[in-house]
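Per-entry structural report
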Amino acid sequence: MSVLARSVGNAFRNKIRTAAVVAVLAVAIGLALAMLVANQAVGAKVQELNASVGTTLTVNPAGGQGFEGGGEPLTTAEAETTASVANVTSVVGTKALRLQTTTTTGSTDAATTQQAGPGGGFGPGGQQATVSTNLTAAVDAGTLGNRNNASGTTTLPARTLPITATGIGAEVDSTGKALEITSGTGLGDYTSSEAKALVGTSLAEKNGLTVGSTFTIQDKTFTITGIFDAGTAFGNNAVYVTLPEAQTLAETPDELSTMIVTVNSLENVDSTKTAVQDALGTDKADVTQGQRNLETAVSSLDSVKNISMIAFIAALATAGIIIMLIMVMLVRERRREIGVLKAIGARNRTIGLQFVLESLVLVALGSVVGAVIASLASGGIASALISSNTTTTAATTTQRGGGLAGAMPNGTVPGGGMPGGGMGGGQGGPFGGASQLLTSVTASVSPGVLAAGITAVFAVAIIGALVPALLTARIRPIEVLRGE
Amino acid sequence: MIVVKDLVRQFKSGDRTIKPVNGVSFELDKGSLASIVGKSGSGKSTLLSLLGALDKPTSGDVVVDGVSLAGLPDGKLTEYRRRDIGFVFQQFNLIPNLSAVDNVMLPMEFAGMRKAARLQRARELLEQVQLDPEKHSRRTNRLSGGEQQRVAIARALANEPKLILADEPTGNLDEQTGEHIIELLSSLSRDHDTTILVVTHDRSLAQKTGRCFRLQQGRLTEEVRTGLRR
Ligand SMILES: Nc1ncnc2c1ncn2[C@@H]1O[C@H](COP(=O)(O)OP(=O)(O)O)[C@@H](O)[C@H]1O
Ligand SMILES: [Mg+2]
């Protein structure tokens with residue numbers, strides 16, 4: 001018999017009570033562990049989201065953000081200047097084009113001229129070239145668009161939506177997010193001029209195109225190498241070609257519509273934004289940190305993270321309090337016995353240790369059962385947390401996206417500067433993220449996280465058990481002799 | 001050799017103070033068996049708890065083999081109880097969910113003795129107090145009162161104490177069993193050369209001890225006897 005053996009024995013002295021205590025502890029510990037797992041998974045997801053797109057800056061020509069047009073176009077030279085700024089890992093130039101369906105009457109002149117901002121001034125930038133195509137847009141003009149159109153340029157009696165074509169210097173969409181190619185392949189070398197294109201799913205469907213099909217822009221035949229899914233109707237009503245190709249089509253070899261700047265780490269984003277702005281000059285370019293909606297997504301995930309952390313701490317504290325109360329009860333119950341042990345020469349610390357060990361036996365059993373509960377419950381808890389926290393965001397974003405799609409026909413190109421341009425593209429991020437997260441949460445009941453959680457549980461249990469253990473020191477052995 | 005010097009213990013109950021032990025002095029030689037008799041509430045348990053360092057006197061001192069308890073800190077008093085004192089209680093006070101052997105091993109564990117050594121000694125002691133060997137591993141709450149008191153005596157002997165203090169050890173036992181226990185104590189004091197002080201209100205049992213004290217109104221007087229052992 002040693003202190004440990006005695007503690008184990010005492011833990012099982014009253015088996016029914018032990019079972020009840022272990023069950024209650026298991027619920028608290030299981031909840032704590034599940035919350036920790038959810039917290040870790042969400043944390044990892046937030047980091048991933050931040051890492052993938054949170055470090056992007058968008059550079060537009062000065063004034064391009066507004067509705068007034070104007071400003072000088074960005075140039076390849078400016079892209080090089082930007083690339084040389086500290087902490088910039090990559091600069092991807094894009095060149096936006098407006099594809100006007102050739103069958104549209106009354107727009108022949110528009111289709112071949114370069115516009116310095118449409119008359120009414122709806123266009124976000126002055127550099128957007130309109131070129132002809134044989135494709136038909138997959139998105140209908142919205143009423144808002146019609147209204148805007150009526151109040152502005154009235155030269156298009158039977159209007160069709162323009163298709164956005166963007167020349168890209170890397171396999172990213174106009175907001176800098178990696179393109180999700182659902183069939184076929186990318187364009188290969190994005191820095192060479194080749195008659196290849198990527199088309200959005202809805203546009204491909206509308207025009208009956210598949211990988212290998214061809215279509216024309218400005219009478220030049222392009223072969224489709226891949227179909228992409230941007231996640232939104234507007235985003236999918238788009239064509240991507242290589243940057244040099246778009247520059248050639250627009251007949252502006254060195255011009256860029258936007259530059260997507262990737263910064264090496266999240267902490268450097270703010271300082272790099274200022275540095276790029278300084279390097280290019282405020283009169284030449286506007287540097288913005290795009291992906292506002294991503295921030296919303298991240299912040300809603302962050303709140304899930306915080307909630308789960310608070311719940312973890314609360315469940316942990318509950319486990320600690322349960323242990324404390326149980327041990328206080330046991331100490332009171334065994335007062336006389338503690339007095340006997342002291343009378344026959346046990347040191348205070350021997351008795352204190354015996355009670356702490358006894359509580360740890362209960363916690364160990366509770367942790368085993370709790371870990372099982374946690375592995376079964378984590379997925380459900382995390383999905384409940386995430387869905388309740390992201391539905392609000394989903395509703396608002398979708399609504400905004402819808403409104404924008406209606407407003408689009410007036411020449412806004414993704415990333416071209418209208419605040420919504422980036423919205424549409426980014427929207428796939430957080431929701432794709434949320435659903436992926438559920439899978440990753442379910443899969444991520446990792447031994448490491450469980451071990452960390454159980455360590456925390458034991459630490460709290462020791463603290464909880466210390467109070468009653470210290471109480472035993474105050475029991476005086478004389479009480480034994482006095483009898484009851 | 002135990003020397004008790006002018007021991008006083010007073011309690012405050014309400015606005016009056018009572019002194020169940022009020023100037024007690026006596027000496028006990030090594031290996032002697034003595035008894036204390038007195039009415040219920042006369043202060044016998046109070047005196048015993050002072051001798052066993054379970055309680056501290058208001059004044060006076062207990063000197064055991066030249067060491068005065070009065071100056072010792074709590075830690076040393078615990079060590080004194082562990083090494084020099086063996087207690088036997090009226091309610092036996094064994095740990096109910098431990099076996100007889102485990103109960104006897106406890107004081108040895110507290111004294112830091114190795115496990116094999118304490119197991120062997122526990123078994124020897126249980127044989128000496130004549131506990132049926134098949135009951136050595138039985139949980140003590142499944143033993144009879146007499147058997148439990150034998151285990152308690154074995155536990156008191158575990159660390160070879162200088163003084164065994166027994167507070168009404170036969171109080172919860174029938175007459176015959178009580179007699180066996182007293183005989184056991186008296187043979188142990190002989191064989192082990194251990195000083196034993198027994199509190200009892202049973203006169204016939206007190207007659208069987210070498211010396212007999214009476215506690216009355218806080219004072220201890222020795223009953224003078226003729227022609228008895230020791
Ligand atoms: N802690 C205490 N506080 C107050 N009174 C006490 C305390 N301990 C003992 N007494 C009183 O001291 C007297 C002697 O008690 P005790 O030594 O138990 O008597 P005995 O063992 O001889 O029956 C009793 O009147 C008892 O009520
Ligand atoms: Mg008494």
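Keep in mind it's a predicted model, so treat the numbers as computed, not measured.

What follows deals with the sheet that holds strand β1 (residues 2-13) of chain B. Residue and element names in this part refer to chain B. Strand order across the open sheet formed by four strands is β2-β1-β4-β5, with antiparallel pairing between neighbours. The open sheet is flanked by β2 (16-28) and β5 (67-68), the only strands paired with a single partner. In the sheet, β1 pairs with strand β4 (residues 59-64) via five bridges, with the strands oriented antiparallel. Among the inter-strand pairings, V4 is bridged to a residue of β4, identified as V62. Across the sheet, helix α1 (residues 44-51) is in contact with β1, β2 and β4; its angle to β1 comes to roughly 125°.

Right, let's get into the interface of chain B and chain A. Facing 25 residues of chain B, the contacting portion of chain A comprises 23 residues. Of the roughly 2,200 Å² buried between chain B and chain A, counting both surfaces, carbon and sulfur atoms make up 59%. There are two salt bridges connecting chain B and chain A. In this structure, B:E109 and A:R6 form a salt bridge, with 2.7 Å as the shortest nitrogen-oxygen distance. The tally of links from chain B across to chain A stands at seven residue pairs in polar contact (both at pLDDT 80 or more). The residue makeup of the side of chain B that touches chain A, split by class, is 10 nonpolar, six polar and nine charged.

Let us look at the environment of B:A158. Residues and elements named next belong to chain B. Looking at the secondary structure, you find A158 in the loop between α5 (145-157) and β7 (163-167). By relative accessible area, which is 1% here, A158 ends up buried. Here the alpha-carbon distance between A158 and R118, two residues 40 residues apart in the chain, equals 8.7 Å. Beyond its immediate sequence surroundings of up to four residues, A158 is in contact with V104, P107, M108, R121 and L125.

Inspection of the entire model under this criterion finds 18 salt bridges over all chains. With a shortest N-O distance of 2.6 Å, A:R13 and A:E337 are connected by a salt bridge. Here the residue A:R13 occupies a position in the loop between α1 (3-11) and α2 (15-54), and A:E337 occupies one in helix α11 (residues 335-343), the gap between them amounting to 324 residues. When its relative accessible area of 12% is taken as the criterion, A:E337 is described as buried. A single salt-bridge network, built from bridges that share partners, covers A:R476, B:R9 and B:D55.

What follows deals with unusual backbone geometry. All names here are of chain B. Even without being glycine, E160 reaches a positive phi, approximately 45°. Examined against the element boundaries, E160 turns out to sit in the loop between α5 and β7. By relative accessible area, E160 is classed as exposed at 61%.

A few words on a nonpolar patch on the surface. All names here are of chain A. On the surface, L4, V8, F12 and L365 cluster together into a nonpolar patch covering about 300 Å² of accessible area. Following the sequence through the fold, L365 ends up in helix α12 (residues 348-407). Judged by its relative accessible area of 32%, L365 falls in the partly exposed class.

As a matter of local geometry, ligand 1 sits amid A:R482, B:F11, B:I18, B:P20, B:K39, B:S40, B:G41, B:S42, B:G43, B:K44, B:S45 and B:T46. More than one chain lines the surroundings of ligand 1; the residues nearby belong to chains A and B. The side chain of B:T46 places a nitrogen or oxygen atom 2.5 Å from an oxygen atom of ligand 1. For ligand 1, whose accessible area on its own is 560 Å², the fraction buried by protein is 68%. The set of elements that each furnish at least two residues to the shell around ligand 1 consists of β2 and α1 of chain B. Its residues assigned to classes, the shell around ligand 1 comprises three nonpolar, six polar and three charged.

All names here are of chain A. Across chain A, the average pLDDT comes to 77, with 72% of residues at 70 or higher. Within chain A, α11 carries the highest mean pLDDT (94), whereas helix α13 (residues 419-426) carries the lowest (35). Confidence drops under a pLDDT of 50 for residues 104-126, and excluding neighbours within four residues, the segment shows 53 contacts in the predicted structure. Across residues 391-433, where pLDDT falls below 50, the model places 70 contacts with residues more than four positions away in sequence or in other chains.

About the cut-offs
Residues numbered from 1 in each chain as written. Chains lettered and ligands numbered in written order. Predicted model: local features only at pLDDT ≥ 70, side-chain atom pairs only at ≥ 80, totals over all residues. Heavy atoms only, no water. Pairing = 2+ DSSP bridges. Helix = DSSP H or I, 4+ residues; strand = E, 2+ residues; numbered from the N terminus. Contact = heavy atoms within 4.5 Å. Axes fitted to C-alpha atoms, helices over the stretch in contact; angles between N-to-C directions. Buried area = accessible area lost by both parts, 1.4 Å probe. Salt bridge = Lys/Arg side-chain N within 4 Å of Asp/Glu carboxyl O. Polar contact = N/O pair within 3.5 Å; in protein donor to acceptor, adjacent residues only side chain to side chain. Nonpolar A, V, L, I, M, F, W, Y, C, P; charged D, E, K, R; others polar. Buried < 20%, exposed > 50% of the residue type's maximum accessible area, 1.4 Å probe, protein only. Patch = residues over 30% accessible without salt bridge, like charges linked within 9 Å, V, L, I, M, F, W, Y side chains within 5 Å. Areas by Shrake-Rupley, 256 points an atom, 1.4 Å probe, with all protein chains shown as cover. Near = heavy atom within 4 Å. pLDDT = per-residue confidence, 0-100.

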